Amino acid sequence: MRYRVVFEYQSEDSSMSDVYNCKDEQSAMDKFAELCDMLEHSIDPTDPTGWEVVDEPDNYSIINREEDIFGYVRLLEG
C-alpha cells in the first residue's frame, strides 16, 4: 500500500505546499510527525490565543483568522 502526506502552510509573508509519496507506513508517519512539529512551532507560545488546532491521527491543522495564518498536514492511504 502507498501512503501520501499532503502539506500546506500560508501566512502573510510565506507559503509552502508539498506532497510526499512514501513507500511504507512508517516513513509516512515519520514525515507526518515532522511536518506537524513544524506547524506547531509556528504558533507563538507567548500568545497562543486566537489559534484553532485540529489534532487527529491522520489530520493536523492550525488556523489563526486574526493573523491570516493556516496550515495542515494530512496522511492519505491508497
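Since the model is a prediction, treat every value here as computed from it, not as a measurement.

### Some words on the environment of Asp 30
Then, in step 1: Looking at where Asp 30 falls in the secondary structure, it is placed in helix H1 (residues 25-40).
Then, in step 2: Between the C-alpha atom of Asp 30 and that of Arg 74, which follows or precedes it by 44 residues, the distance is 12 Å.
Then, in step 3: In this structure the side chain of Asp 30 is engaged in a polar contact, spanning 2.8 Å, whose partner is the side chain of Gln 26.

### Observations concerning the pattern of salt bridges
Then, in step 1: This structure, assessed with the given rule, holds two salt bridges.
Then, in step 2: For Glu 34, the salt bridge goes to Lys 31, with nearest N and O atoms at 3.5 Å. One end of the pair, Glu 34, and the other, Lys 31, are both in helix H1, three residues apart, so they sit about a helical turn from each other.
Then, in step 3: You can call Glu 34 partly exposed: its relative accessible area is 45%.
Then, in step 4: In this structure, Arg 65 and Glu 52 form a salt bridge, with 3.1 Å as the shortest nitrogen-oxygen distance. On the criterion of sequence distance, the pair formed by Arg 65 in the loop between strand S4 (59-64) and strand S5 (69-77) and Glu 52 in strand S3 (residues 52-56) is long-range, its members being 13 residues apart.

What counts and what doesn't
Residues numbered from 1 in each chain as written. Predicted model: local features only at pLDDT ≥ 70, side-chain atom pairs only at ≥ 80, totals over all residues. Heavy atoms only, no water. Helix = DSSP H or I, 4+ residues; strand = E, 2+ residues; numbered from the N terminus. Polar contact = N/O pair within 3.5 Å; in protein donor to acceptor, adjacent residues only side chain to side chain. Salt bridge = Lys/Arg side-chain N within 4 Å of Asp/Glu carboxyl O. Buried < 20%, exposed > 50% of the residue type's maximum accessible area, 1.4 Å probe, protein only.

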